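Each chain, letter by letter, is given below.
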Amino acid sequence: MKNLISLCLLLSSLLWLGCEEIPPEINPRMGGENPIEVTPVDSQQRQVLIEEFTGVRCVNCPAGSAAIEGLLADYGQRLVAISIHAGSFAPPYPDSEDFRTDEGTNLLSYLGAPLGYPTAVVNRKKFEGEFDLQLGRTQWPGFIVDELGSPPKVKIDIQNAYSDEDRRLEVKVTLYVEENIAEDEVHISVAITENDIQELQLTPSSGTPDPNYKHKHVLRDMLTTYNGDRIDEDLTAGAVIEKNYTMTLPTGWVAENCEVVAFVNLDGDNKEVLQAHQAGVTE
Amino acid sequence: MKNLKALLYCFIILACALPAAAQESDGGRISGNLETNANFFIRDSLIGAANTPQYDRQLYGADAWLNLSYSNWGFDFGLRFDLFNNSNLLNPTDSYTDEGIGRWYIHKSIQKLDISVGYLYDQIGSGIIFRAFEERPLLIDNALFGARLGYEILPDWKIKAFTGRQKQQFDVYGTVIKGISIDGYLSGGEGANWAIAPGFGAVNRTLDDASMNSVVATINTYIKEEAFVPKYNTYAFSVFNTLTAGNFTWYVEGAYKSKDNLNDPFGELTINDSTVIGDRLFLASGSVVYSSLSYANKGLGITLEGKRTENFDFRTRPQEQLNRGLINFLPPMARVNTYRLNARYNAATQTLGEQAFQADIRYNYKRKLGFNVNFSNINTLDKENSLLYREVYTEVSYKHKRTWTLLGGVQVQRYNQEVFEFKPDAPIVETTIPYFDFLYKFDRKKSIRFEGQYMATGKDEKGVKHDYGNWLFGLVEFSIAPHWTFTVSDMYNADPGKNSPVDADTGEKLRLHYPRFDVFYTYRANRFSLSYIKQVEGVVCTGGICRLEPAFSGVKFTANSNF
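Residues numbered from 1 in each chain as written. Chains lettered and ligands numbered in written order. Predicted model: local features only at pLDDT ≥ 70, side-chain atom pairs only at ≥ 80, totals over all residues.

### Considerations on the overall build of chain B
Short version of the rule: A helix here means a DSSP run of H or I that spans at least four residues, while a strand means a run of E at least two residues long, and both kinds are numbered starting from the N terminus. Remark: C-beta atoms are placed from the backbone, and a residue is labelled buried if 20 or more other C-beta atoms sit within 10 Å of its own, exposed if 12 or fewer do, or partly exposed between those counts. Two residues qualify as being in contact provided that their C-beta atoms, derived from the backbone, are within 7 Å of each other.
Of the regular secondary structure elements, chain B holds four helices and 32 strands. Along the three orthogonal principal directions, the C-alpha set of chain B runs to about 70 × 65 × 60 Å. Scored against the burial criterion, the 563 residues of chain B give a buried share of 36%. Taking as baseline every contact in chain B between residues at least 6 positions apart, the subset at least 24 positions apart corresponds to 56%.

Now the structure itself:
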């Protein structure tokens, strides 16, 4: 029996021997280093798209939205956010605005439903070791950092012309190809988002929805199909491709709060986003 | 990895081909089992069975597992083929398609040494610090892909050590898990009426760089006061013992886990100067104390159980949520109910903190009259000590010769829906469920069984019934032994509650029926079932692990075979 006890102690001490580890370095709240202002397209760096799936009846989603605001404060223009109201938590309350769009519903189906909320897809990439494209809140910052590390294969410029009189919006998206893009299915997606929409939202603080909640980056519509329009032009380094879109903004949208989001994405098994960019409708 | 699989595959086929003429030859033996589920999805927006790829466009889904085991030359080989086609098991609201070798293993005993490699299922003690297991209804497959050595150091004393990585569908996680345990047995010798089975275990989990980088990136978004330095290595230790003395059996286990990177889904975090409630990573050590005392004598059986859990969420990496990436298993502390309405509200184990106890008393009089009373109570561990779950279950059964059996009782529950289902401000759901089960045997082959339950729920301060309100359930089952069983059942939302579906036109709560028809056919080791099902959303638990399942509408076919 004594031998046995000694053996136990020896074996457990073996496990403990390695318990002195060199810890990783942490830098809490590292914001401020990245540009908030729009940078000219020639000095544009890698910009990452985060698509948050949410709903007005999703109690945990405001925490996810707040986390995205925190990340935007850190990364500024280098992070582009879209909040897509789709799925089982998205049906509106009676007499509240329906944020659901056909494109959003199609995107949820296209990118796959999450196991739980809050959830977001970062650059539509299936990262190594993940089950699918949908990522829990504690995973977003790491993958955003990973994605920001590589140079952009294509740079995007957006020029908007908006008329207050007839609410007509003209969008010119110019792609500057930096590296040869060999994939067959390369698409361009253009979306309109709106910020600061005051509308009901379920929050953890109450069983009744908060009427003063301000929704950010709400996907309003897309100027392309939900998975983007195929780019048929040559995508070799140095190519410049121009795409033009027009739409009339519905009266309910506040033009000053709307953004045009454009991104180049692959289609097929690999749906990765190569670069994203956004510009205010009235800028 | 793929090459290794292919090689092994060939090896196993070769091994299996050798005794192909018979299932047993030259000491070799092959055995196996098949489990198949096929679902046909029939959209029903009213009950919420809609808006998933299966209801929208795929219409059909299937899962299958074929398990083969072969033993020869002192070796045991195992191989399992897993198939998921448009399956809703991995994520009930999404579709999952993949197939391949879900498991393989090789095992060999060389005198006192025991060697196993491959995908291994195992546990230490009751599983509090380590349990590699499979729960197919929830598609949990936490097999450890690695190696295990066992050695008999003394008669009745065995030591084992293992290392590996946890399975993640057809891949493995990056984190390495390793551990040791010693299990023993001592008795008072001949004539003595006591014995002990003590044990000790230790487990270490080392986070991989990719997972750690992700944790660091998340912590870097926290303000300084909320940030912490995460740990690559976490150690968990456990001491356990079963004492058997006369009619008493006493199991006790104490476990401690060193500082670990944990995720609190109800944590408070400061973002852009405001406080947000949601997922928050934090660093804490944890502990579990669990004990179970049983007394059994003639017709009387008494079991008392208690458990205290503090910060004992142990996962392969902190990013994993819900039932994914679990390294351990904390025993559930509430009765496992089987009747439809009695099993509607289940207490999922709270890994970050709970204190629970349970008492179960059974008495059987002359094998005719039986009584069972069960009481369980689970509270939070924080200062509020809030109620999570309470259940009183009573059961009386009477067996009249070999002709009929009547069983009935009342179950009363209190269920913290806010915590278990993340529904804010949901009141504690109160239920009272009288139930009965009557079995009548016409002859040695034919029998009929009736089952009925009524769930009466409490009302909130506005006078609205909790959750879905009151339910009525009835079932008739007709069996012709040994082959056929037919069942017809209906679950009826007799008095709808707060969360019951609403008529889109009138705004009135709907009193919906959820019918079900089953046909079971058994022929020797083969069992088939065909069912038409309408099922309300609810928490589904298997082996003490639970998840919220959406409503289901459709036809299910299952085939099971052992050979």
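From this point on, the discussion continues.
### Topic: helix α4 (residues 140–148) of chain A
For α4(A), the full list of buried residues reads Trp140(A), Pro141(A), Gly142(A), Phe143(A), Ile144(A) and Glu147(A). In this fold, the buried residues of α4(A) make contact with β1 (48–54), α2 (61–75), β2 (79–85), β3 (119–122) and β4 (134–135) of chain A together with α3 (209–219) of chain B.

### Regarding the sheet that holds strand β12 (residues 240–248) of chain A
All names here are of chain A. Selection criterion: Should DSSP find at least two bridges between two strands, the strands are regarded as paired. Only the stretch in contact is used when a helix axis is fitted, and all axes are lines through C-alpha atoms; the angle between N-to-C directions ranges over 0 to 180 degrees.
Taken together, three strands build an open sheet; the order of strands is β5-β6-β12 and the sheet is antiparallel. The sheet is open, and its two borders are formed by β5 (154–162) and β12, each paired with just one other strand. Strand-to-strand twist across the sheet, computed as the mean angle between neighbouring axes with direction ignored, equals 15°. Pairing analysis gives nine bridges linking β5 to strand β6 (residues 168–177), with the strands arranged antiparallel. Among the inter-strand pairings, isoleucine 156 is bridged to a residue of β6, identified as leucine 175.

### Points about the packing of α4(A) against α3(B)
Note the threshold: When an angle is under 35 degrees it counts as roughly parallel; over 145 it counts as roughly antiparallel; between 65 and 115 it counts as roughly perpendicular; any other value is oblique. Following the grouping adopted for this structure description, the nonpolar residues are Ala, Val, Leu, Ile, Met, Phe, Trp, Tyr, Cys and Pro, the charged ones are Asp, Glu, Lys and Arg, and the polar ones are all others, Gly among them.
Two elements in contact, α4(A) and α3(B), have axes separated by 7 Å at closest approach and are oriented at 105°. Comparing the axis directions of α4(A) and α3(B) gives the class roughly perpendicular. Along its contact with α4(A), which presents Pro141(A), Gly142(A) and Val145(A), the element α3(B) presents Asn213(B), Ser214(B), Ala217(B) and Thr218(B). Of the residues in the contact of α4(A) with α3(B), the class split is three nonpolar, four polar and no charged.

### Concerning the interface of chain A and chain B
At the junction of the two partners, chain A supplies 44 residues and chain B supplies 51 residues. When contributions to the side of chain A that touches chain B are tallied by element, the ones reaching two or more residues are α1 (2–17), α2 and α4 of chain A. Examining the composition of the side of chain A that touches chain B, we find that eight residues originate from one element, α2(A), more than from any other.

### Structural notes on the confidence of the model for chain B
Residues and elements named next belong to chain B. In plain terms, the rule: Every residue carries a pLDDT, the predictor's confidence in it, which falls somewhere between 0 and 100.
Per-residue confidence for chain B averages 91 on the pLDDT scale, and 94% of its residues sit at or above 70. Confidence drops under a pLDDT of 50 for residues 16–22, and excluding neighbours within four residues, the segment shows eight contacts in the predicted structure. Overall fold confidence (pTM) sits at 0.88, and the ipTM for the predicted complex is 0.87.

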